[in-house]
Amino acid sequence: MDISSILQGGYQHPLSRSWQGRRQLTKSMFMYPIFITDDPDASVIIPTLPGQRRWGVNQLEGFLGPLVQKGLQSVILFGVPLTCEKDARGTPADDPSGPVILAIRKLRALFPSLYIACDVCLCEYTSHGHCGLLHTDGTINTEPSVQRIAEVAVNYALAGAHCVAPSDMMDGRIKAIKRGLIDSGLGNRCTLMSYSAKFASALYGPFRDAAGSAPSFGNRKCYQLPPAARGLARRAIQRDTAEGADIIMVKPALPYLDILADAAQLAPDHPLACYQVSGEFAMVHAGAAAGVYDLKTMAFETTESMVRAGATLILSYFTPDFLDWLEV
Ligand code: PBG
Ligand code: ZN
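Just so we're clear, the structure is a prediction, and the values are computed from it rather than from any experiment. (Residues numbered from 1 in each chain as written. Chains lettered and ligands numbered in written order. Predicted model: local features only at pLDDT ≥ 70, side-chain atom pairs only at ≥ 80, totals over all residues. Heavy atoms only, no water.)

**A look at helix α4 (residues 142-159)**
With 18 residues, α4 ought to run about 26 Å at 1.5 Å a step, and its terminal C-alpha atoms sit 26 Å apart, in line with that. Among all positions in α4, only S145, V146, R148, I149, A150, V152, A153, V154, Y156, A157 and A159 are buried. The secondary structure elements touched by the buried residues of α4 are α3 (99-110), β5 (115-120), β6 (163-166) and α5 (173-183). G160 occupies a position one or two residues after α4 and carries a positive phi of about 120 degrees. (Helix = DSSP H or I, 4+ residues; strand = E, 2+ residues; numbered from the N terminus. Expected span 1.5 Å × (residues − 1). Buried < 20%, exposed > 50% of the residue type's maximum accessible area, 1.4 Å probe, protein only. Contact = heavy atoms within 4.5 Å.)

Structure follows, in structure tokens:
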């Protein structure tokens, strides 16, 4: 046997195995997506998302307190209004007495060290369920969409969000949000995380159930990227870094690790996020329940692959599990 043929000597011990990754998973890499609904006492199981619920603001202390104790450092909030009056411009999105703004204020007061990000989109709040405003023929009306999304983002930031994260995919919204934050005096106080490369994926199904945000007609293919579109994803990443994004995100994560690796190369000076979306989470659970693999082993394998591809931040419904599984 040639000297250079022997690799196994380098990874025979658990510790030397851990040195083989350039970076390790840590608790601080995980951001936990949370659904906040408008019934303040709600704690409602979401059947397609194992272990996840829709929460009312009065439940947040009891639900998140133990997780913060275990080392939870960041959350991303999604509003799930069930009783509000939805309209064409998504007016309830930044209602001062709506679930998101109430939750931001509550969480800032309850958990001073918790980092609070807010998803910014209109689909949960529009009567048509699309992520922007529409022309009368049903196509996206870009200019007012971008203005409205920037307005919502600024209102979340004014309420105390540490980070606003637009998931709408309207062209030009990063620049408009950054401008809005600067003009409101929040340019240096609020992070702008762009869902830059967000693909039109079949993996959002459980989320749309949970958030009640499926479009009432058509689909999202005119704003979310085609799965084969590596070039468009690269252009979107470059555009959003140029427009002032502080963090770049790729979504979904596991089927798009090549895009994540592209982002790591195109935006090497930015933190890089990926979203292990609802369908990915449900898929890992379903496979484990079917006896295909062990849940924890697969949760590690999927998220470690994201870190290997370049992620510095992972949005995942597995966050509470990793707080139990990881030491630091
Ligand atoms: C809405 C939004 C979606 C997700 C995050 N924000 C769904 C969609 O675009 O249809 C998906 C998250 C998940 O599946 O976990 N703009
Ligand atoms: Zn949306």
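**Observations regarding the site of ligand 1**
Of all residues adjacent to ligand 1, which total 17 residues, the nearest are K198, R208, R220, K251 and Y317. Contact distances for ligand 1 include 3.4 Å between a nitrogen atom and a side-chain N or O atom of K251. Here an oxygen atom of ligand 1 and a side-chain polar atom of Y317 are 2.6 Å apart. Bound to the protein, ligand 1 loses 100% of the 400 Å² it would expose on its own. In terms of residue class, the shell around ligand 1 is made up of nine nonpolar, three polar and five charged. (Near = heavy atom within 4 Å. Polar contact = N/O pair within 3.5 Å; in protein donor to acceptor, adjacent residues only side chain to side chain. Areas by Shrake-Rupley, 256 points an atom, 1.4 Å probe, with all protein chains shown as cover. Nonpolar A, V, L, I, M, F, W, Y, C, P; charged D, E, K, R; others polar.)

**Considering the nonpolar core**
Residues L64, V75, L77, Y156 and M193 are the most contacted members of the largest nonpolar core, which totals 111 residues. In terms of residues, this core owes the most to one element, α4, which gives nine residues. Excluding anything up to four places from it in sequence, V75 contacts M31, Y32, I34, L64, L107, L114, Y115, I116 and A117. (Core = buried A, V, L, I, M, F, W, Y, C linked by side-chain atoms within 4.5 Å.)

**Here's the deal with the coordination of the zinc ion (ligand 2)**
When a metal holds four donors in a tetrahedron, each ideal angle between them is 109.5 degrees; when it holds six in an octahedron, the ideal angles are 90 or 180 degrees. Protein-derived ligands of the zinc ion (ligand 2) are C121 (SG), C123 (SG) and C131 (SG), with the metal-ligand distances lying across 2.2 to 2.3 Å. Read in sequence order, the donor residues for the zinc ion (ligand 2) give the motif C-x1-C-x7-C. With C121 in the loop between β5 and α4 and C131 in the loop between β5 and α4, the pair connects residues that are 10 residues apart, well separated along the chain. Residue classification places C121 among the buried positions, given a relative accessible area of 2%. (Donors = N, O, S within 2.8 Å, 3.2 Å for Na, K, Ca; no water.)

**Considerations on unusual backbone geometry**
Omega for the bond connecting K251 with P252 falls within 30 degrees of zero, at -10 degrees, which places this linkage in the cis form. Checked against the element boundaries, P252 lands in the loop between β8 (247-251) and α8 (257-266). A positive phi is found at M169, a non-glycine position, where the angle reads about 70 degrees. Locating M169 in the fold gives a position in the loop between β6 and α5.

**Topic: the pairing of strand β4 (residues 74-80)**
Among the seven residues that make up β4, seven are buried, leaving the element largely enclosed by the rest of the structure. Where burial is concerned, the two faces of β4 agree: the one with S74, I76, F78 and V80 and the one with V75, L77 and G79 are both buried. One ladder, built from six bridges, connects strand β1 (residues 30-37) with β4; its direction is parallel. Across the sheet, Y32 pairs through a bridge with V75, a residue of β4. Traced from β4 through α3 to β5, the parallel crossover comes out right-handed. (Pairing = 2+ DSSP bridges. Right-handed = clockwise from strand over helix to strand, strands pointing away.)

**What about the pairing of β1?**
Summarising burial for β1: eight of the eight residues are buried, a large majority. Where burial is concerned, the two faces of β1 agree: the one with F30, Y32, I34 and I36 and the one with M31, P33, F35 and T37 are both buried. Sheet topology places β1 next to strand β10 (residues 313-316); two bridges connect them, and they run parallel. The residue of β10 that forms the bridge with M31 is L315. Two elements, β1 and strand β3 (residues 53-55), share two bridges in a ladder whose sense is parallel. Residue pairing for β3: F35 is matched across the bridge by R54.

**As for the side chain of E243**
Counting through the fold element by element, E243 comes out in the loop between α7 (230-242) and β8. Here E243 occupies a buried position and makes no salt bridge, while the nearest side chain of opposite charge, R239, is found at 4.2 Å. For E243, the residues in contact, after removing those within four places along its chain, are G172, R173, I174, K175 and K178. (Lys, Arg positive; Asp, Glu negative; His and termini not counted. Salt bridge = Lys/Arg side-chain N within 4 Å of Asp/Glu carboxyl O.)

**Observations concerning the pattern of salt bridges**
Tallied over the full model, the rule gives 12 salt bridges. In this structure, D94 and R148 form a salt bridge, with 2.8 Å as the shortest nitrogen-oxygen distance. Linking D94 in the loop between β4 and α3 with R148 in helix α4, this pair joins segments that are 54 residues apart in sequence. Of the two residues, D94 and R148, neither departs from the other in class, the shared state being buried. For D240, the salt bridge goes to R173, with nearest N and O atoms at 3.6 Å. Of this pair, D240 sits in helix α7 while R173 sits in helix α5, and the two are 67 residues apart along the sequence.

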